[in-house]
Amino acid sequence: MRGALLGFAAAGALLASACTGQSRPSVPTLAPLPTLVAQPTSAPREDGLPSFDIWAHDDSYTAPDSVPAGRIGVTLHVDGHEQRNAQFFKVKDKVSLAQVAAAFQQNPRSATELLDFVGGPGTVPPGGIQDEVQDLTEGQYVMATLLLGQDGQQYVPTGMIKTFRVVGPAQTPAAAPPLPGDQRIVLSDFAFGIPQLQAGQQTLELQNVGSQPHEILVKRLEPGHDLKDALNFVIAPVGTPPYSDAGGFLVFPGGETTSLTLDLSPGPYVAICYFRDPASGKTHAELGMIRDFDVE
Ligand SMILES: [Cu+2]
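Throughout, a residue's number is its position along its own chain's written sequence, starting from 1. Local features in this predicted model are restricted to residues whose pLDDT is 70 or higher, and side-chain atom pairs enter the listing and the counts only when it is 80 or higher, whereas totals over whole chains, interfaces and linings include all residues.

**Some remarks on the overall build of the chain**
Point 1. Looking only at helices and strands, the chain features six helices and 19 strands.
Point 2. The burial criterion counts other C-beta atoms lying within 10 Å of a residue's C-beta, which is placed from the backbone; the residue is buried at 20 or more, exposed at 12 or fewer, and partly exposed between these limits. The proportion of buried residues among the 296 residues of the chain is 39%.
Point 3. For the purpose of contact definition, each residue receives a C-beta atom placed from its backbone, and two residues are in contact when these atoms lie within 7 Å. Contacts spanning at least 24 positions in sequence make up 70% of the contacts within the chain whose residues lie at least 6 apart. A run of H or I in DSSP becomes a helix once it reaches four residues, and a run of E becomes a strand once it reaches two; helices and strands are each numbered from the N terminus.

**Some points on the sheet that holds strand β18 (residues 267-272)**
Point 1. Strand pairing is assigned whenever DSSP identifies at least 2 bridges connecting the two strands. Strand order in the open sheet formed by four strands is β16-β15-β18-β19, and the pairing between neighbours is antiparallel. Looking at which strands have only one partner, the edges of the open sheet turn out to be β16 (243-252) and β19 (290-295). Within this sheet the neighbouring strands show an average axis-to-axis angle of 20°, counted without direction.
Point 2. Every axis in this analysis is a line fitted to C-alpha atoms, fitted for helices over the stretch in contact. Angles between the N-to-C directions lie between 0 and 180 degrees. In the packing of helix α6 (residues 227-235) onto the sheet, the strands contacted are β15 (214-221), β16, β18 and β19, and the crossing angle to β19 comes to about 140°.

**Comments concerning the nonpolar core**
For soluble globular proteins, nonpolar side chains are generally found buried alongside one another.
Point 1. When buried Ala, Val, Leu, Ile, Met, Phe, Trp, Tyr and Cys residues are joined through C-beta atoms within 7 Å, the set is termed a nonpolar core. Judged by nonpolar contacts, the single largest core of 62 residues is most densely connected at I216 and I272.
Point 2. Ranked by residue count, the leading element in this core is β16, at six residues.
Point 3. Here the limits of each domain have been adopted from an automatic or database domain assignment. Split by domain, the residues of this core number at least three in each of domain 1 (4-173) and domain 2 (179-295).
Point 4. The residues touching I216, leaving out its near neighbours within four places in the chain, are I185, L187, F192, L206, G248, F249, A271 and C273.

**Things to note about the sheet that holds strand β4 (residues 70-78)**
Point 1. Read from one edge of the open sheet, eight strands run β2-β1-β4-β7-β17-β14-β12-β13, paired in mixed fashion. Each edge of the open sheet is held by one strand with a lone partner, namely β2 (61-62) and β13 (191-193).
Point 2. The sheet contact formed by strand β14 (residues 200-208) and strand β17 (residues 257-264) spans eight bridges and is antiparallel. Following the sheet pairing, L204 is matched in β17 by L260.

**Observations concerning the pairing of β18**
Point 1. Pairing analysis gives four bridges linking β15 to β18, with the strands arranged antiparallel. Bridge assignment links K219 to a residue of β18, and that residue is V270.
Point 2. Here β18 pairs with β19 via six bridges, running antiparallel. In the strand pairing of β19, V270 is matched with D292.

**Things to note about the pairing of strand β12 (residues 183-188)**
Point 1. In terms of strand pairing, β12 meets β14 through five bridges, oriented parallel. When the sheet's bridge partners are listed, V186 is paired in β14 with Q207.
Point 2. The pairing of β12 with β13 spans three bridges and is antiparallel. By the bridge assignment, L187 is partnered in β13 with F192.
Point 3. The turn linking β12 back onto β13 is made up of two residues.

**What about the environment of R184?**
Point 1. In this structure, R184 sits in strand β12.
Point 2. Distance from R184 to T258, taken between C-alpha atoms, is 9.9 Å for residues 74 residues apart in sequence.
Point 3. In contact with R184, other than residues within four places in its own chain, are P195, L204, E205 and Q207.

**Focus on α6**
Point 1. By the burial criterion, the buried members of α6 are A230, F233 and V234. Around the axis of α6, the buried residues are gathered within 105° of arc, so they sit on the same side. For α6, the exposed residues set more than 90 degrees away from the buried face come down to K228 and I235.
Point 2. Against β15, β16, β18 and β19 lie the buried residues of α6. This arc describes the spread of directions from the helix axis toward the C-beta atoms.

**Side note on the confidence of the model for the chain**
Reading predicted coordinates in detail is not appropriate for stretches of low pLDDT.
Point 1. pLDDT runs from 0 to 100 and stands for how confident the predictor is about each residue. For the chain, the average pLDDT comes to 85, and 81% of its residues sit at 70 or higher.
Point 2. pLDDT under 50 marks residues 1-40. Its contacts with residues more than four places away, or in other chains, come to 77 contacts.

**Thoughts on the environment of Q87**
Point 1. With respect to the helices, strands and loops of the structure, Q87 is situated in strand β5 (residues 87-91).
Point 2. On a C-alpha basis, the gap between Q87 and L250 in space is 5.9 Å, while along the polypeptide they are 163 residues apart.
Point 3. Sequence-distant contacts of Q87, that is, excluding residues within four places in its chain, are made with F117, G120, M143, A144, L146, L250 and V251.

This is how it looks when you write it as structure tokens:
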């Protein structure tokens, strides 16, 4: 069963190998095709921001081991056969990667007490791309794909975890280009404020005005399905999803603002936050953070 425990245990094993410097035999052999490994290069961005390109394969990431602190443009390229995302976690002060690895192995849920959720590109299908712009502060980080298992808990697919460092000093705020976005999506405890969206590629500011961390996963509703079907699937994710991945931005703290680019065709969509409320244990979707919207 692809439970959260199994997933996090697998993740822990990788973390452990990462921090002891010993590679798990299966990891290097899963290196992507040579054309993809050639260290992620990308054309300079028009906005002048440094870029952070991440390639998500079926069982590994290819991405830089370090990126500069400050405002950065992140692009997730999914080039395997499975849906992928990249939740960024910052390892808390005075916590070592060894402690994180041990926590993942002993009690996976306790690992999240050693980490802060700091956003990252949301779920896109094979061949998909998710662009976003966010601020990263200096420190040690871990990225992982978080997916919803059939038991309703999130899990990390085997191999979909990677450490990276953010190295300072950060540029001064005045030197950073403003966050891009003509319109704004507002995330609160527990609702989405979404403006009327037009079809095509668009960049939106994403503001978390809540006290809790939030995320937005955008899903296109399959024909014949509605909001109620989507909520039912979040609660009991068994069978074929009533929606397909259309990008998003993963869990980030209250009080912060970021930016994401969506490329949507006309039709019905839902926005979902899968984060669990610590008090009730319920997903934010069950508390109200799920809504439908139409793209014209
Ligand atoms: Cu939420």
